[in-house]
Amino acid sequence: MLNYLAPILLLLGSNVFMTFAWYGHLRYTDRPLWLVVIASWGIAFFEYCLQVPGNRFGYRVYNPAQLKALQEIITLIVFVVFSSAYLGAAIRWNHLVGFALIVLAAFFIFLE
C-alpha cells in the first residue's frame, strides 16, 4: 500500500511548491521581475526534491501514462485550492467541468 501512496504524497508536496513557485508571485506584482524569478527558482528546488523521488518511486507501481495522469489530477486539486484560497480567484462552473473532463481522461488511462 505504501508503494502506491508514497508517490502520491510526494507529488502532492511537490505540487504545493510548484504552484507557489509558478503563481505565488502574482500577489506581489510590485516586486521586480528578476527578484521573483530568483525566488521562484529557489522554491522550485524543493519542488524537484519531491518530484524526482515521487516519479522514481511511482514508476515502480504505475506506468508512465498513469503517473502523468496522477500528476495532472494532483496539480488541478492543488491549483484549485491555491487559486481560490491564496489568490482569491473565483472558480467557475466551466472550470470545474473542464477539470472533471481531465479527471475522466485519467479514469480511462487507469483502465487495464
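Attention here is on the structure that accompanies the text. A quick note: this is a predicted structure, and the numbers were derived from the prediction, not measured.

1. Quick notes on helix α3 (residues 64–85)
Piece 1. With 22 residues, α3 extends 31 Å from end C-alpha to end C-alpha; this agrees with the ideal 32 Å at 1.5 Å per step.
Piece 2. Every buried residue of α3 is accounted for by Q66, L67, A69, L70, Q71, I73, I74, T75, L76, V78, F82 and S83.
Piece 3. The inward-facing, buried residues of α3 abut α1 (2–23), α2 (33–58) and α4 (93–110).
Piece 4. Where α3 begins, the side chain of N63 points an oxygen toward the backbone nitrogen of A65, at a separation of 3.0 Å.

2. Here's the deal with the packing of α3 against α4
Piece 1. Across the interface, α3 lies against α4 with an axial gap of 9 Å and an inter-helix angle of 155 degrees. Considering their axes alone, α3 and α4 lie roughly antiparallel with respect to each other. By crossing handedness, the relation of α3 to α4 is classed as left-handed. Packed against α3, whose contacting residues are A65, Q66, A69, L70, I73, L76 and V80, the element α4 presents F99, I102, V103, A106, I109 and F110 at the interface.
Piece 2. A breakdown of the residues in the contact of α3 with α4 according to their chemical character gives 12 nonpolar, 1 polar and no charged.

3. Observations regarding the pattern of salt bridges
Piece 1. The tally for this structure, following the rule as stated, stands at 2 salt bridges.
Piece 2. The partner of R31 in a salt bridge is D30, and the shortest N-O contact between them spans 2.9 Å.
Piece 3. Relative accessible area serves as the criterion here: at 61%, D30 is assigned to the exposed category.

4. Some thoughts on the nonpolar core
One recurring pattern in soluble globular proteins: nonpolar side chains tend to sit buried together.
Piece 1. Judged by nonpolar contacts, L11, Y62, L67, L70, I74 and V78 together constitute the single largest core of 6 residues.
Piece 2. Counting residues per element, this core draws most heavily on α3, at 4 residues.
Piece 3. Other than its neighbours up to four places away in sequence, Y62 contacts Y4, P7, I8, L67, L70 and F110.

5. With respect to the environment of F17
Piece 1. Looking at the secondary structure, you find F17 in helix α1.
Piece 2. Each C-alpha atom of the pair F17 and Y48 lies 8.9 Å from the other, and the pair is 31 residues apart in sequence.
Piece 3. What F17 contacts, discounting residues up to four positions off in sequence, is I43, F46, E47 and L50.

6. Section: the packing of aromatic side chains
Piece 1. Applying the stated criterion across every chain, the model contains 10 aromatic pairs.
Piece 2. For the ring pair Y4 and Y62, a centre distance of 5.7 Å and an interplane angle of 80 degrees mean the geometry is edge-to-face. Of this pair, Y4 sits in helix α1 while Y62 sits in the loop between α2 and α3, and the two are 58 residues apart along the sequence.
Piece 3. The class for Y4 is partly exposed, based on a relative accessible area of 43%.
Piece 4. Taking the relative accessible area as the measure of exposure, Y62 reaches 9% and is therefore buried.

7. A look at the environment of L76
Piece 1. With respect to the secondary-structure elements, L76 resides in helix α3.
Piece 2. In this structure the C-alpha to C-alpha distance between L76 and W41, which are 35 residues apart in sequence, comes to 21 Å.
Piece 3. Apart from the residues lying within four places of it in its own chain, the contact partners of L76 are F99 and I102.

Analysis parameters
Residues numbered from 1 in each chain as written. Predicted model: local features only at pLDDT ≥ 70, side-chain atom pairs only at ≥ 80, totals over all residues. Heavy atoms only, no water. Helix = DSSP H or I, 4+ residues; strand = E, 2+ residues; numbered from the N terminus. Expected span 1.5 Å × (residues − 1). Buried < 20%, exposed > 50% of the residue type's maximum accessible area, 1.4 Å probe, protein only. Contact = heavy atoms within 4.5 Å. Polar contact = N/O pair within 3.5 Å; in protein donor to acceptor, adjacent residues only side chain to side chain. Axes fitted to C-alpha atoms, helices over the stretch in contact; angles between N-to-C directions. Parallel < 35°, antiparallel > 145°, perpendicular 65-115°, else oblique. Left-handed = near helix turned anticlockwise from the far one by under 90°. Nonpolar A, V, L, I, M, F, W, Y, C, P; charged D, E, K, R; others polar. Salt bridge = Lys/Arg side-chain N within 4 Å of Asp/Glu carboxyl O. Core = buried A, V, L, I, M, F, W, Y, C linked by side-chain atoms within 4.5 Å. Phe/Tyr/Trp six-rings, centres within 6.5 Å; stacked < 30°, edge-to-face > 60°.

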